[in-house]
There are 2 protein chains.
Amino acid sequence: MSDLREKIIQTSLELFDRYGFHGVTVKQIVQQTNTSKGGFYHHFQSKDELLFVIHDTFITYVLKEAQAANVIHSSPIPKVQAIIQSFVQVFDLYKPHISVFYQESLYLKPAYEEEIKGKRDEFKRMVFNVIAEGQESGHFRRELPLEITGMAILGMVNWIYKWYRRDGTYTIDQIAEVFTDLVLHFLLPGKEDSEYFRHMLKVPFFYESE
Amino acid sequence: MSDLREKIIQTSLELFDRYGFHGVTVKQIVQQTNTSKGGFYHHFQSKDELLFVIHDTFITYVLKEAQAANVIHSSPIPKVQAIIQSFVQVFDLYKPHISVFYQESLYLKPAYEEEIKGKRDEFKRMVFNVIAEGQESGHFRRELPLEITGMAILGMVNWIYKWYRRDGTYTIDQIAEVFTDLVLHFLLPGKEDSEYFRHMLKVPFFYESE
DNA sequence: AAATAAAGACCGACTGGTTGGTCTGTTGTA
DNA sequence: TACAACAGACCAACCAGTCGGTCTTTATTT
């Protein structure tokens, strides 16, 4: 495959990450890449297609990782660990992709958007399934509403793109460890929750009273 | 104060929420609002100022709420409860504002950006402080790295704007209850952690071995 | 109270600069 | 010779913002 194509993607990624998709012109991209409009449009049908390609390479990768983690393990607990682990680590590998993914997905043309949405939903479904399995098998707290708990997990991980820096205090692996710890702490049933309930004004709605 | 100004903001909010800041032209805004370019630019210096106003009304509100919650309670646990509660509820009140806030903040002009950043950082600092207090007083697990834990909480809550719908399965109050439960479950030391550690491959780096 | 002045609110045709994309080439190479 | 890879001048569309002007409300003077 062409060398220029990859170079254009890399350059665009850096520019989009800093200035946003709409803050970068095709002219800027080709100048920064040392090529021309002709070069650009030889490899991409449009600026929108470039946006799609960036989205797609990222979500495809994440999906594959999750599927792998899902197959390797059988018990819900290691599954959750593996999925969170690999999911968090993606933010080190694909940070610029991810920024674009979450900031600019609104601007994907309908045809592109549909394809991305399909893969994104499949990933979400996988995460939810693992939690549901754990609840059914009794490993995880049954009283937790699946939807809310699942989105809480996706949220805390996804948000990483807003604050993670390679030269920050903690490595991506350390972050993954802490996140796994946090998630397991609220998923696993813990003894009597007396200490917890003592500080609550009322019993939360989702606790089965029986 | 003028009625038109508010009407413009409301219309813009709906349009930005659906099509993004760059997907909406001033012309569209004034047509949808039944006014004119003149009407628009009489109330706003620029399209960018409108973007700033939306950012500012939201973050100012959140900050005030957090400060109130901070003052009312003295013990860390009710503080955390109150802050999460009010923070989550904001997503019902200000959903479109928040979408714009997180999707388009990249496009704020430097002067505007600085002002927003100041308030946003102050809010973040407050959340972190509450956790730190709880750790010092022994209410919360000391081994958790403040930075990562804090960002996990901010992440799970902030992400709500991506999935919350008023006509969804759960009300915003129910979501707030579950989130409070999740957070307290990973903050509070409770359960001896044997059940948890049994499933870990190794002791996480942040556990003080003492 | 009437007349007049001044200020504020709003209108909409117009513009200057920008931008994604095109098109006609040119170069290298198999 | 044929074709892919790239160059770069060019264009039509679009868009934020302007500006001279109108209408309405408020303030000031007579």
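Residues numbered from 1 in each chain as written. Chains lettered and ligands numbered in written order. Predicted model: local features only at pLDDT ≥ 70, side-chain atom pairs only at ≥ 80, totals over all residues. Heavy atoms only, no water.

**Topic: the protein's contact with DNA strand D**
Part 1: The immediate surroundings of DNA strand D are formed by 15 residues, with Thr35, His42 and His43 of chain A together with Lys37 and Lys47 of chain B found nearest.
Part 2: Among the atoms of DNA strand D lying within 4 Å of the protein, the sugar-phosphate backbone contributes 60%.
Part 3: Taking Val26 of chain B, its main chain carries an N or O atom lying 2.9 Å from a phosphate oxygen of DNA strand D.
Part 4: For the surface near DNA strand D, the element with the highest residue contribution is helix 3 (residues 37-43) of chain A, accounting for 4 residues.
Part 5: Residue classes in the surface near DNA strand D are distributed as 4 nonpolar, 8 polar and 3 charged. (Near = heavy atom within 4 Å. Polar contact = N/O pair within 3.5 Å; in protein donor to acceptor, adjacent residues only side chain to side chain. Helix = DSSP H or I, 4+ residues; strand = E, 2+ residues; numbered from the N terminus. Nonpolar A, V, L, I, M, F, W, Y, C, P; charged D, E, K, R; others polar.)

**What to know about the domain arrangement of chain A**
Residues and elements named next belong to chain A.
Part 1: The domains assigned to chain A are domain 1 (1-44) and domain 2 (45-197).
Part 2: When each unit is reduced to the centre of its C-alpha atoms, the spacing between domain 1 and domain 2 is 29 Å.
Part 3: With 16 residues of domain 1 at the interface, the matching set in domain 2 holds 15 residues.
Part 4: Across the domain 1 to domain 2 interface the summed buried area is about 1400 Å²; carbon plus sulfur atoms make up 73%.
Part 5: Counting the surface domain 1 buries against domain 2, the share from its top three residues, Leu13, Phe21 and Phe44, is 45%.
Part 6: Scanning the region where domain 1 abuts domain 2 turns up 0 salt bridges.
Part 7: Taken together, the links from domain 1 to domain 2 amount to 5 residue pairs in polar contact (both at pLDDT 80 or more). (Domains from an automatic or database assignment. Contact = heavy atoms within 4.5 Å. Buried area = accessible area lost by both parts, 1.4 Å probe. Salt bridge = Lys/Arg side-chain N within 4 Å of Asp/Glu carboxyl O.)

**As for the interface of chain B and chain A**
Put simply, an interface is often sized by how much accessible area is lost when its parts join up.
Part 1: Each side of the interface is counted separately: chain B has 55 residues, and chain A has 55 residues.
Part 2: Together chain B and chain A conceal approximately 5200 Å² of surface at their shared face, both sides included; 67% is due to carbon and sulfur atoms.
Part 3: Among the residues chain B hides against chain A, the three largest losses belong to Ile148, Trp159 and His185 of chain B. Together they make up 13% of the total.
Part 4: Our count for the contact surface shared by chain B and chain A stands at 4 salt bridges.
Part 5: The residue Glu177 of chain A makes a salt bridge to Lys202 of chain B at a minimum N-O spacing of 3.1 Å.
Part 6: On the surface where chain B and chain A come into contact, there are 18 residue pairs in polar contact (both at pLDDT 80 or more).
Part 7: Mapped by element, the contributors of at least two residues to the side of chain B that touches chain A are helix 1 (3-19), helix 5 (76-93), helix 6 (95-104), helix 8 (146-158), helix 9 (160-163) and helix 10 (172-187) of chain B.

**Some details on the relation of the copies chain B and chain A**
Part 1: Once chain B has been moved 0.0 Å along the axis and rotated by 180°, it coincides with chain A to within an RMSD of 0.1 Å. Here the transformation between the copies is reduced to the relation of a two-fold axis.
Part 2: Comparing interface residues between copies, 96% of those in chain B also lie at the interface in chain A; the contact surface is shared. (Least-squares fit on C-alpha atoms with pLDDT ≥ 70 in both.)

**Structural notes on the pattern of salt bridges**
Part 1: Scanning all chains against the criterion turns up 16 salt bridges over all chains.
Part 2: Across the salt bridge formed by Lys119 of chain A and Asp56 of chain A, the nearest N and O atoms sit 3.0 Å from each other. Taken together, the residues Lys119 of chain A in helix 7 (residues 110-136) and Asp56 of chain A in helix 4 (residues 47-72) connect sequence positions 63 residues apart.
Part 3: With a closest N to O distance of 2.9 Å, Glu143 of chain A and Arg141 of chain A form a salt bridge. Of the two residues, Glu143 of chain A and Arg141 of chain A, both sit in the buried class.
Part 4: Among the charged side chains, a network of salt bridges with common partners joins Arg141 and Glu143 of chain A together with Asp181 of chain B. (Buried < 20%, exposed > 50% of the residue type's maximum accessible area, 1.4 Å probe, protein only.)

**A look at the nonpolar core**
Part 1: Formed by 152 residues in total, the largest nonpolar core has its most connected members in Phe179 of chain A together with Phe179 of chain B.
Part 2: Those residues in contact with Phe179 of chain A that sit more than four places away from it in its chain are Ile84, Val88, Met156, Val157, Ile160 and Trp163 of chain A together with Ile148 and Ala152 of chain B. (Core = buried A, V, L, I, M, F, W, Y, C linked by side-chain atoms within 4.5 Å.)

**What to know about the protein's contact with DNA strand C**
Part 1: Neighbouring residues of DNA strand C: 16 residues in total, closest Lys37 and Lys47 of chain A together with Thr35, His42 and His43 of chain B.
Part 2: Each atom of DNA strand C within 4 Å of the protein was classed as base or backbone; sugar and phosphate made up 57%.
Part 3: Within the side chain of His43 of chain B, a nitrogen or oxygen atom sits 2.7 Å from a phosphate oxygen of DNA strand C.
Part 4: For the surface near DNA strand C, the secondary-structure elements that each account for two or more residues are helix 3 of chain A together with helix 3 (37-43) of chain B.
Part 5: At 5 residues, the largest contribution of residues to the surface near DNA strand C is made by helix 3 of chain B.
Part 6: Partitioning the surface near DNA strand C into residue classes produces 4 nonpolar, 9 polar and 3 charged.

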